[in-house]
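Understanding the architecture of this molecule
For reference, the chains in residue letters:
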Amino acid sequence: QIYLTDDLSVTAHFEADSSTLSTIVINEINYNSSSDFDTEDWIEFYNVGDSAIDISNWIFKDDDDTHKFVFSENTVIGPENYLVLCRDTSLFTTLFPDVPNYIGDMSFGLSSRGELIRIFDAHGEIVDSLTYDNNPPWSEAADGGGATLSLSSPEFDNFLAESWTQSEMNGTPGTENETITGVDETILPIAFSLGQNYPNPFNPSTTIPFSIPNATRVTIEIYSILGQRVAKILDKNMDTGHYNITFKADDLASGIYFYTIKAGKFFKTKQMMFLK
């Protein structure tokens with residue numbers, strides 16, 4: 001507090017507090033399994049950084065402060081690696097026997113109606129948090145329909161509903177999220193469309209939205225400003241629906257690129273910018 005009695009000029013100087021910086025993000029959420037593939041609830045954390053993070057004595061909570069899971073000593077998430085926190089490791093490993101990077105058991109589950117979830121470091125500082133929901137714009141297929149909530153890219157703001165999509169069936173715990181997902185199954189599209197990618201400009205990944213009013217083969221390709229095709233990111237038969245697909249441009253040079261969609265007789269091109 002400063003009590004002003006005369007004119008005062010103040011210059012602020014900021015520096016990063018490395019003690020509270022973290023690269024751990026909540027990356028995938030399974031809050032209501034389907035009845036025929038019931039793993040119980042699980043949450044996937046991802047380390048987006050280039051160095052290992054020791055999360056010993058960190059705490060995961062839902063919106064009830066009495067519900068807490070304390071990470072044990074020597075729990076480390078390596079660079080660009082994943083860790084899955086399970087409510088029931090026995091059920092989880094039965095259905096995901098090839099996923100080695102899991103821990104548990106949580107003494108509480110996640111709400112099927114949506115709720116706040118949080119992870120705190122060993123000093124009690126909040127590292128990441130978000131409030132998911134089971135209503136649009138959040139995917140309703142994750143509420144017992146066999147999908148999970150999957151972050152479109154770990155670089156996106158996971159507090160925003162538009163940063164999330166639904167996984168393909170049963171999710172991808174312990175590995176990279178699926179890059180193509182349905183968005184809203186309740187409102188079917190009436191026309192073909194290709195949306196503007198987001199974020200734009202982007203680095204290193206961006207999401208391209210598109211809509212298909214009837215089942216057809218869909219091809220999405222990326223071209224340089226010279227007209228050279230640099231990537232084909234989709235070429236498959238698709239059902240009616242709204243979709244997102246993630247494009248990663250790690251190996252490309254900075255600059256303007258064009259993305260095109262061909263679906264039946266529909267053809268559309270839009271521009272995007274990649275900045276390293």
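What comes next is a walk through the structure. Only a predicted model underlies this, so the values are computations on that prediction, with no experimental measurement involved.

Glancing now at the nonpolar core. Among the nonpolar cores identified, the biggest contains 28 residues, and Ile29, Phe45, Phe60, Phe71 and Tyr132 are the most heavily contacted of them. For this core, the secondary structure elements donating two or more residues are strand E1 (24–30), strand E2 (42–47), strand E7 (82–86), strand E9 (116–120) and strand E11 (149–151). Counting residues in each nonpolar core, the second largest holds 23 residues, with Ile208, Phe210, Met238 and Ala249 among its members.

Moving on: empty space enclosed by the protein. Under the defined criterion, the tally for this structure stands at two cavities of 30 Å³ or more. In this structure, the largest cavity occupies an estimated 50 Å³ of space. Looking at the largest cavity, the residues that line it are Asn30, Asn32, Ser33, Ser34, Phe37, Thr39, Trp42, Phe96, Gly146, Ala147 and Asn170. Partitioning the lining of the largest cavity into residue classes produces four nonpolar, seven polar and no charged.

The subject of this paragraph is the sheet that holds strand E4 (residues 59–61). Spatially, the four strands line up as an open sheet ordered E5-E4-E9-E10, and their pairing is antiparallel. Of all the strands in the sheet, the pair left with one neighbour each is strand E5 (68–70) and strand E10 (126–131). Adjacent strand axes in the sheet meet at a mean angle of 10°, parallel and antiparallel pairs treated alike. As defined by bridge partners, E4 adjoins E5 across three bridges and the pair is classed as antiparallel.

This brings us to the packing of aromatic side chains. The way to describe two aromatic rings as a pair is by their centre distance and the angle between their planes. Taken as a whole and assessed by the stated rule, the structure comprises 16 aromatic pairs. Arranged with centres 6.2 Å apart and planes meeting at 5°, the rings of phenylalanine 60 and phenylalanine 108 form a pair that is stacked. With phenylalanine 60 in strand E4 and phenylalanine 108 in the loop between strand E8 (102–103) and E9, the pair connects residues that are 48 residues apart, well separated along the chain. Summarising the burial analysis for this pair, phenylalanine 60 and phenylalanine 108 share the class buried. Look at phenylalanine 202 and phenylalanine 247: their rings are 6.3 Å apart centre to centre, the planes differ by 65°, and that puts the pair in the edge-to-face class. With a gap of 45 residues between them, phenylalanine 202 in the loop between strand E14 (193–194) and strand E15 (205–212) and phenylalanine 247 in strand E18 (residues 241–248) connect regions that are remote in the sequence. Owing to a relative accessible area of 2%, phenylalanine 202 belongs among the buried residues under this scheme. Using a relative accessible area of 4% as the deciding quantity, one classes phenylalanine 247 as buried.

Calculation rules
- Residues numbered from 1 in each chain as written.
- Predicted model: local features only at pLDDT ≥ 70, side-chain atom pairs only at ≥ 80, totals over all residues.
- Heavy atoms only, no water.
- Core = buried A, V, L, I, M, F, W, Y, C linked by side-chain atoms within 4.5 Å.
- Buried < 20%, exposed > 50% of the residue type's maximum accessible area, 1.4 Å probe, protein only.
- Helix = DSSP H or I, 4+ residues; strand = E, 2+ residues; numbered from the N terminus.
- 1 Å grid on protein atoms, 1.4 Å probe; cavity = no way out; pocket = protein on both sides within 12 Å on 5 of 7 lines; lining within 4 Å.
- Points joined across faces, edges and corners; volume = space filled by probe spheres on them.
- Nonpolar A, V, L, I, M, F, W, Y, C, P; charged D, E, K, R; others polar.
- Pairing = 2+ DSSP bridges.
- Axes fitted to C-alpha atoms, helices over the stretch in contact; angles between N-to-C directions.
- Phe/Tyr/Trp six-rings, centres within 6.5 Å; stacked < 30°, edge-to-face > 60°.

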